[in-house]
Amino acid sequence: MTESGEVREPLWLIAANVVRFRRYGEGGQELRPGTKSFRGGSKVYVIGGYGGMAYEEVTVIGRGRHTGAYITIDMATRNLHSFRPALVRSPAVLRRYDEAPGGWYGDETREASEAMATLLAVKARAERTEHWRGSPHPDPCRCHECLTLTPE
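What comes next is a walk through the structure. (Residues numbered from 1 in each chain as written. Predicted model: local features only at pLDDT ≥ 70, side-chain atom pairs only at ≥ 80, totals over all residues. Heavy atoms only, no water.)

1. A closer look at the overall build of the chain
Next up, step 1: Summing up its helical and strand segments, the chain has 3 helices and 7 strands in all.
Next up, step 2: Each helix and strand of the chain, ordered N terminal to C terminal, gives the series β-β-β-β-β-β-β-α-α-α.
Next up, step 3: Taking all 152 residues of the chain together, 38% fall into the buried category.
Next up, step 4: Here the contacts in the chain between residues at least 6 apart in sequence split such that 64% fall between residues at least 24 apart. (Helix = DSSP H or I, 4+ residues; strand = E, 2+ residues; numbered from the N terminus. Buried < 20%, exposed > 50% of the residue type's maximum accessible area, 1.4 Å probe, protein only. Contact = heavy atoms within 4.5 Å.)

2. Quick notes on the side chain of Arg128
Next up, step 1: Mapped onto the secondary structure, Arg128 falls in helix α2 (residues 110-131).
Next up, step 2: With near-sequence residues (within four places) excluded, Arg128 lies in contact with Val19, Arg78, Leu80, His81, His144 and Glu145.

3. Quick notes on the sheet that holds strand β1 (residues 11-18)
Next up, step 1: With antiparallel pairing, the 5 strands of this open sheet are ordered in space as β6-β5-β4-β1-β7. Both edges of this open sheet fall to β6 (70-76) and β7 (80-88), since each of them pairs with a single strand only. Looking at each pair of strands side by side, their axes are set apart by 40° on average, direction ignored.
Next up, step 2: Pairing geometry for strand β5 (residues 57-63) and β6, over 7 bridges, is antiparallel. From the neighbouring strand, Arg63 faces β6, where its bridge partner is Tyr70. (Pairing = 2+ DSSP bridges. Axes fitted to C-alpha atoms, helices over the stretch in contact; angles between N-to-C directions.)

4. Quick notes on helix α1 (residues 91-99)
Each turn of an α-helix holds 3.6 residues, which means side chains three or four residues apart point in the same direction.
Next up, step 1: Residues of α1 that are buried include every one of Val93, Leu94 and Tyr97, and no others. All buried residues of α1 fall inside an arc of 95° around its axis, so they share one side. In this structure, α1 carries Pro91 and Glu99 as exposed residues pointing more than 90 degrees from its buried face.
Next up, step 2: Buried residues belonging to α1 abut β1, β4 (43-49), β5, β6 and β7. (Arc of directions from axis to C-beta.)

5. Digging into the pairing of β1
Next up, step 1: Extensive coverage of β1 is indicated by the burial of 7 of its 8 residues.
Next up, step 2: Two elements, β1 and β7, share 7 bridges in a ladder whose sense is antiparallel. Across the sheet, Val18 pairs through a bridge with Leu80, a residue of β7.
Next up, step 3: Where β1 lies against β4, 4 bridges are found, and the strand directions are antiparallel. Of the residues in β4, the one forming a bridge with Asn17 is Lys43.

6. What to know about the pairing of strand β3 (residues 30-33)
Look at any regular strand and the pattern is simple: side chains alternate between the two faces of the sheet.
Next up, step 1: Examined bridge by bridge, strand β2 (residues 21-24) and β3 share 4 bridges and lie antiparallel to one another. Bridge pairing in β3 links Phe21 to Pro33.

7. A few points about the nonpolar core
Across soluble globular proteins, nonpolar side chains show a tendency to be buried alongside one another.
Next up, step 1: In terms of nonpolar packing, the biggest core is built from 16 residues, with Ile14, Val44, Val46, Val60, Leu80, Phe83 and Leu120 touching the most fellow members.
Next up, step 2: Of all the secondary structure elements, the ones that give two or more residues to this core are β1, β4, β5, β7 and α2.
Next up, step 3: At 4 residues, α2 tops the list of elements feeding residues into this core. (Core = buried A, V, L, I, M, F, W, Y, C linked by side-chain atoms within 4.5 Å.)

Right under this line is the structure:
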């Protein structure tokens, strides 16, 4: 509900999941579950981004790792995967969205969300690859890229 007691209209936002494990430390040889703020696999809603930084970081809303309450933070795009449009009806998420400083693509429609989700998926994949370029994967590796490889 808004301040006037009206029910807020649902919005099309971008849903994503936090990677189960991320590479960490010297040469990416250590694996950490999820991120400091979110458990691995947590669903988050992307509500903003930094185009001038080539979307290396995005603003997300999701349930925090420690409290379970919704939080709004900026996080690295490489730590997210499975970007997709989602019709959000949750009053808690919509309230946080309204409190956040300005939207980023201005048009919260399904088409705009699909286009931005595609762009972010490509960016996240490239960032994961680029961030640890030249460093071998630990053995055994459970990072997102290794977990999603399909056997031939």
